[in-house]
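Remarks on the overall topology
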Amino acid sequence: MIDNKTVDPSIERSDLPILPRLIAIYGPLNCRTFYLEEPVVSIGRLESNDIILEDPFISRHHCVIRKVGEQYLIEDFNSANGTYVNGERVSTGSLKEGCLIEIGASQFIFRLQNSEDSIELSQDLVVTEEGRSPLDRVA
């Protein structure tokens, strides 16, 4: 698993493969990017996972993200605290561009497109005084 991979800006954007990725927006890995280069990426507390979350609310083997054909699925391993996609607890869920994934105290945005090709979400990630975020309206 490679994280925070950078690319020489002189390379044409159209020549780059679009790698699906998770962008941590909240939690201990905040601001880190994890590229989903393998067909299965595991997430959990143990060192054997591809993405390691040191969080007491995360199971040792919490969930995986799988590439199935042209789509990506997230599968929870019957964790005590669950895996959430766009605010809904899932046992298996389909991931689409911009999905919000919550695992324990961590939040990630699932990205399929280059940032120039997709909707800018960063300004919408602020929680209001009422404790709600504009992402609460995402279906």
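Rules of the game
- Residues numbered from 1 in each chain as written.
- Predicted model: local features only at pLDDT ≥ 70, side-chain atom pairs only at ≥ 80, totals over all residues.
- Heavy atoms only, no water.
- Helix = DSSP H or I, 4+ residues; strand = E, 2+ residues; numbered from the N terminus.
- Contact = heavy atoms within 4.5 Å.
- Polar contact = N/O pair within 3.5 Å; in protein donor to acceptor, adjacent residues only side chain to side chain.
- Phe/Tyr/Trp six-rings, centres within 6.5 Å; stacked < 30°, edge-to-face > 60°.
- Buried < 20%, exposed > 50% of the residue type's maximum accessible area, 1.4 Å probe, protein only.
- pLDDT = per-residue confidence, 0-100.

Note that Arg-89 resides in strand S8 (residues 88-90). If near-sequence neighbours (up to four positions away) are discounted, Arg-89 is found in contact with Ser-79, Ala-80, Asn-81, Gly-82, Thr-83 and Tyr-84. Separated by 3.0 Å, the side chain of Arg-89 and the backbone oxygen of Ser-79 make a polar contact. Only 3.4 Å separates the side chain of Arg-89 from the backbone oxygen of Ala-80, close enough to count as a polar contact.

What follows covers the packing of aromatic side chains. Applying the stated rule across the entire model yields 2 aromatic pairs. Aromatic side chains Phe-34 and Phe-108 sit 6.5 Å apart centroid to centroid with 70 degrees between the ring planes, which places their arrangement in the edge-to-face category. With Phe-34 in strand S2 (residues 33-35) and Phe-108 in strand S11 (residues 106-111), this residue pair connects regions lying 74 residues apart in the sequence. Like Phe-108, Phe-34 is buried.

With 69% of its residues at a pLDDT of at least 70, the chain reaches an overall mean of 80. Note that pLDDT drops below 50 for residues 1-14; the model gives that stretch 22 contacts with residues more than four away or on any other chain. A low-confidence stretch, residues 117-129 (pLDDT under 50), is modelled with 18 contacts involving residues beyond four sequence positions or located in other chains.

Quick look at unusual backbone geometry now. Of note in the backbone geometry, Asn-78 takes a positive phi value of approximately 55 degrees without being a glycine. Take Asn-78: it is sitting in the loop between strand S6 (71-76) and strand S7 (83-85). Non-glycine residue Asn-86 carries a positive phi angle of around 50 degrees. Within the secondary structure layout, Asn-86 lies in the loop between S7 and S8. According to the relative accessible area criterion, Asn-86 is partly exposed, its value standing at 22%.

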